[in-house]
Amino acid sequence: MLEIYALSWPILKCAGAPVKGLVSRKKAEALLVVLASQPRPHARRSLGQLLWPDYPEHRALNNLSVLLSSLKKHVGEIVHASRQSVHIIPQTYWFDAHAFWSCSGVLEQPTHTQHDLDKLTKAAKLYQQDFLAGVHIAHADDFEAWLELERRRFKARAVAVWNTLLDDHYDQGHYADGIDLAQQTLALEPFNDHAHERLVYMLALAGKSSQALRHFDSYCSLLEDELQLEPNASLQDFVSRIRTGEFTNVREARSHNLVMLEGSQHEDIQYQDVQHQDTQYEASRQLGVVQTNSLQNEGIAARLDEPATFQQSPATHLPTPFQAPVPPRHFVGRTVEKRYIHKLL
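Since we're looking at a predicted model, the values are computed, not measured. (Residues numbered from 1 in each chain as written. Predicted model: local features only at pLDDT ≥ 70, side-chain atom pairs only at ≥ 80, totals over all residues. Heavy atoms only, no water.)

**Things to note about the overall build of the protein**
Under the convention used in this document: By the criteria applied, helices consist of DSSP H or I runs no shorter than four residues and strands consist of E runs no shorter than two, each listed in order from the N terminus. Residue exposure (1.4 Å probe, protein chains only): buried if accessible area is under 20% of the type maximum, exposed if over 50%, otherwise partly exposed. Only heavy atoms matter for contacts: two residues are in contact if any of them lie within 4.5 Å across the pair.
The helix and strand tally for the protein stands at 13 helices and 11 strands. Taken over 345 residues, the protein has a buried fraction of 43%. Considering only contacts in the protein between residues 6 or more positions apart, those separated by 24 or more positions represent 64%.

**Observations concerning the packing of aromatic side chains**
Filter applied, for reference: Only centres within 6.5 Å qualify two rings of Phe, Tyr or Trp (six-membered ring in Trp) as a pair; their planes then separate them into stacked at under 30 degrees, edge-to-face at over 60, and tilted for everything else. We call a charge positioned over a ring when the NZ of a Lys or the CZ of an Arg lies within 6 Å of the ring centre and within 35 degrees of the ring normal.
Counting across every chain of the model gives 12 aromatic pairs. Between phenylalanine 143 and tryptophan 146 the ring centres are 5.9 Å apart and the planes differ by 40°, which places this aromatic pair in the tilted class. Note that phenylalanine 143 and tryptophan 146 are positioned in helix H6 (residues 141-172) at a spacing of three residues, about one turn of the helix. An angle of 70° between the planes, with centres 5.3 Å apart, marks the rings of phenylalanine 238 and phenylalanine 247 as edge-to-face. On the basis of relative accessibility, which here comes to 0%, the residue phenylalanine 238 falls in the buried class. An aromatic cluster is built from Phe100, Trp101, Tyr127, Phe131, Phe143, Trp146, Phe154 and Trp162, whose rings are joined through pairwise contacts. The residue whose ring lies beneath arginine 157 is tryptophan 101, and the NZ or CZ to ring-centre distance is 4.2 Å.

**Observations regarding the packing of helix H9 (residues 209-227) against helix H10 (residues 233-244)**
Basically, it comes down to this: Fitted lines through C-alpha atoms give the axes, limited to the stretch in contact for helices. The angle between two N-to-C directions lies from 0 to 180 degrees. Note that the term roughly parallel is reserved for angles under 35 degrees, roughly antiparallel for angles over 145, roughly perpendicular for angles of 65 to 115, and oblique for everything else. For a crossing to be left-handed, the near helix must be turned anticlockwise from the far one by less than a right angle; the clockwise case is right-handed. Only Asp, Glu, Lys and Arg are considered charged, only Ala, Val, Leu, Ile, Met, Phe, Trp, Tyr, Cys and Pro nonpolar, and every remaining residue, Gly among them, polar.
Between H9 and H10, whose axes approach to 11 Å, the crossing angle comes to 140°. Regarding the angle of H9 to H10, the classification is oblique. Relative to H10, H9 is oriented so that their crossing is left-handed. Counted together, Ser209, Leu213, Phe216, Asp217 and Tyr219 of H9 and Leu235, Gln236, Val239, Ile242 and Arg243 of H10 form the full contact between these two elements. Considering only residue class, the contact of H9 with H10 consists of six nonpolar, two polar and two charged.

**Side note on the pairing of strand S6 (residues 85-88)**
The condition is simple: Pairing between strands requires that DSSP locate at least two bridges from one strand to the other.
On S6, burial follows the alternation: Val86 and Ile88 on one face are buried, whereas Ser85 and His87 on the facing-out side are not. One ladder, built from two bridges, connects strand S4 (residues 42-43) with S6; its direction is antiparallel. Across the sheet, the residue bridging to histidine 42 is valine 86, located in S6. Where strand S5 (residues 79-81) and S6 come together, three bridges link them in antiparallel fashion. For histidine 80, the partnering residue across the bridge sits in S6 and is histidine 87. Here S5 hands over to S6 after three residues, the two strands then running antiparallel side by side.

**So, the environment of tyrosine 127**
Looking at where tyrosine 127 falls in the secondary structure, it is placed in the loop between helix H5 (114-126) and H6. Linking tyrosine 127 and phenylalanine 100, residues 27 residues apart in sequence, is a C-alpha distance of 7.3 Å. With near-sequence residues (within four places) excluded, tyrosine 127 lies in contact with Leu7, Phe100, Phe154, Lys155, Ala158, Trp162 and Leu188.

So, in structure tokens, the structure goes:
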């Protein structure tokens with residue numbers, strides 16, 4: 001079976017090995033990705049104009065025929081071509097972009113089970129690079145316009161996948177996994193400020209305060225150099241508490257709130273006021289995010305400048321330990337750019 005990769009490299013594999021020997025390799029790969037992305041009949045004339053727009057029609061059609069013959073020779077009966085149209089044959093190929101979109105479909109659900117999170121993890125692993133990264137066909141303006149739209153669409157979806165997984169790692173206290181994912185995410189999307197913020201929080205909560213401060217400083221430099229912005233107020237406050245020594249890690253903070261339940265058969269240790277804290281957490285999360293109408297390309301939701309945080313009632317015999325603020329939940333799209341737009345407005 002032919003394997004087509006738009007989110008990884010090489011683009012074409014057959015029996016696990018890269019496909020070699022194709023005539024006009026870049027255009028052959030581009031043609032297959034177009035056909036796989038839109039699995040329906042395409043007029044030969046349209047495909048010729050898409051890939052050879054500056055050629056006379058008869059030459060463009062002749063080049064298309066040569067390309068189809070080369071594909072048939074090297075990958076088999078994958079494409080059906082008649083005198084009028086061309087389409088990719090179902091069940092003869094696997095396309096990573098389809099798999100990514102299918103796995104990430106659970107994003108549309110209001111809550112996520114562990115099975116859903118496993119599918120999102122698979123989707124995150126499939127997204128190794130932007131859609132057809134590095135592919136460019138000279139003078140093919142219509143193809144380049146389509147390619148740019150697909151890149152934006154898949155990047156927005158990938159950001160939503162990454163941020164949902166980062167939220168889960170943070171909520172579950174899986175800081176090591178969350179740190180790894182945040183670093184991988186930022187390598188692919190340096191302007192995902194939700195990932196920057198989560199990384200700072202999780203580094204500090206994992207006991208790596210010095211690394212958290214270094215990353216915060218680099219994040220500030222990125223915002224200042226590229227967008228003349230600064231991080232949100234809640235993150236700045238959190239970092240200032242690290243610098244002044246007010247912050248203690250979660251394990252130390254929680255140790256002040258432990259009580260032994262008397263009469264318990266197993267004498268389990270539980271936290272005081274867990275239900276109260278959970279209620280306040282949800283309230284602060286809802287205050288920190290205002291849902292808005294869907295945006296066409298960049299996603300949904302907008303974040304308030306000052307997310308609410310909950311505070312515990314101080315104990316009579318101990319000062320209240322610092323609790324990490326609840327970062328605002330993510331919204332799909334380029335958050336830094338949106339903040340920049342709001343600043344201009």
